[in-house]
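# Per-entry structural report
One letter stands for each residue in the lines below.
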Amino acid sequence: MSSFKIFFKRYLQFFLYLILVLLVIYFFTGSSFALGLIIGTVASAISAFVWHHYLYRAINSESLYISSGMGIRFLIATMACLFWVRFPEAISIYGIALGLTLTYVMILIHTFISLKQ
């Protein structure tokens, strides 16, 4: 199974379902928090993909240098926060922050599941 298919089954489908639910909530309420959560969740899904890509590459590599892609994930979080800087009245920074933490929650869940096996 390819790396992307593994990633899709483990993470991306949950992010997509959450984004769809948040889009429905946003269209009915027009909430700035929901919009911030959508932006944060999209950035979180991209960050999770970057993390999974680097993890997969580290597992299959025999090199001593292992990267987690932290710099790229930092840039993704910065880009998400720049939406708030540009449109502070329309987007909630708390929603973006909560959405961005989803990657790290998923990483912890993945770690606990891997340790359990």
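Please read all numbers here as calculations on a predicted model, not as lab measurements.

### Topic: the overall build of the chain
Regarding its fold elements, the chain presents four helices and zero strands. Reading the chain from its N terminus to its C terminus gives the helix and strand order α-α-α-α. Put simply, the chain has 117 residues, and 33% of those count as buried. Within the chain, counting contacts between residues at least 6 apart in sequence, those at least 24 apart form 67% of the total. Accessible surface computed for the chain: about 7,800 Å², of which carbon and sulfur atoms make up 74%.

### With respect to the UniProt feature "transmembrane region" (unreviewed entry) in the chain
UniProt records the feature "transmembrane region" (unreviewed entry) for residues 12–28, 34–52, 64–85 and 91–113 in the present numbering. Secondary structure content for residues 12–28 is 100% helix and 0% strand, and the end C-alpha separation is 24 Å.

### Section: the packing of helix α3 (residues 70–86) against helix α4 (residues 93–116)
A pair of packed helices is characterised by two quantities: the angle between their axes and the separation of those axes. Here α3 crosses α4 at 160°, and the two axes come no closer than 9 Å. When the axes of α3 and α4 are compared, the pair comes out roughly antiparallel. Considering how the two elements wind past one another, α3 and α4 form a crossing that is right-handed. Note on element contacts: α4 touches α3 through I93, I96, L100 and Y104, opposite M70, R73, A77, A80, C81 and W84. For the contact of α3 with α4, the class distribution of residues is nine nonpolar, no polar and one charged.

### A word on the packing of helix α2 (residues 32–59) against α4
With their axes 6 Å apart at the nearest point, α2 and α4 run at an angle of 30° to one another. Taken together, the axes of α2 and α4 are roughly parallel relative to one another. Seen along the crossing, α2 lies across α4 with a hand that is right-handed. Looking at the contact of α2 with α4, its residues break down into 14 nonpolar, nine polar and no charged.

### Points about the side chain of S92
Counting through the fold element by element, S92 comes out in the loop between α3 and α4. Polar contacts involving the side chain of S92 include one to the main-chain amide nitrogen of Y94, which spans 3.3 Å. Apart from the residues within four sequence positions on either side, S92 is in contact with S32, F33, G36 and W84.

### Re α4
Across its 24 residues, α4 extends 35 Å between first and last C-alpha, which sits within 8% of the 34 Å expected from 1.5 Å per residue. Buried within α4 are the following residues: G95, I96, G99, L100, T103, M106, I107 and H110. A distance of 3.3 Å separates the backbone nitrogen of Y94 from a side-chain oxygen at the start of α4, and that oxygen is part of S92.

### Here we look at the confidence of the model for the chain
The pLDDT averaged across the chain works out to 86; a share of 96% of its residues lies at or above 70. Mean pLDDT across the secondary structure elements of the chain bottoms out at helix α1 (residues 3–29), with 84, and peaks at α3, with 92.

### A closer look at the packing of aromatic side chains
Counted by the stated rule, this structure contains one aromatic pair. Both rings, one in Y26 and one in F27, keep their centres 5.9 Å apart while their planes meet at 55°; by these two values the pair is tilted.

Conventions used here
- Residues numbered from 1 in each chain as written.
- Predicted model: local features only at pLDDT ≥ 70, side-chain atom pairs only at ≥ 80, totals over all residues.
- Heavy atoms only, no water.
- Helix = DSSP H or I, 4+ residues; strand = E, 2+ residues; numbered from the N terminus.
- Buried < 20%, exposed > 50% of the residue type's maximum accessible area, 1.4 Å probe, protein only.
- Contact = heavy atoms within 4.5 Å.
- Areas by Shrake-Rupley, 256 points an atom, 1.4 Å probe, with all protein chains shown as cover.
- UniProt positions renumbered as here; feature names shortened; annotations may be inferred.
- Axes fitted to C-alpha atoms, helices over the stretch in contact; angles between N-to-C directions.
- Parallel < 35°, antiparallel > 145°, perpendicular 65-115°, else oblique.
- Left-handed = near helix turned anticlockwise from the far one by under 90°.
- Nonpolar A, V, L, I, M, F, W, Y, C, P; charged D, E, K, R; others polar.
- Polar contact = N/O pair within 3.5 Å; in protein donor to acceptor, adjacent residues only side chain to side chain.
- Expected span 1.5 Å × (residues − 1).
- pLDDT = per-residue confidence, 0-100.
- Phe/Tyr/Trp six-rings, centres within 6.5 Å; stacked < 30°, edge-to-face > 60°.

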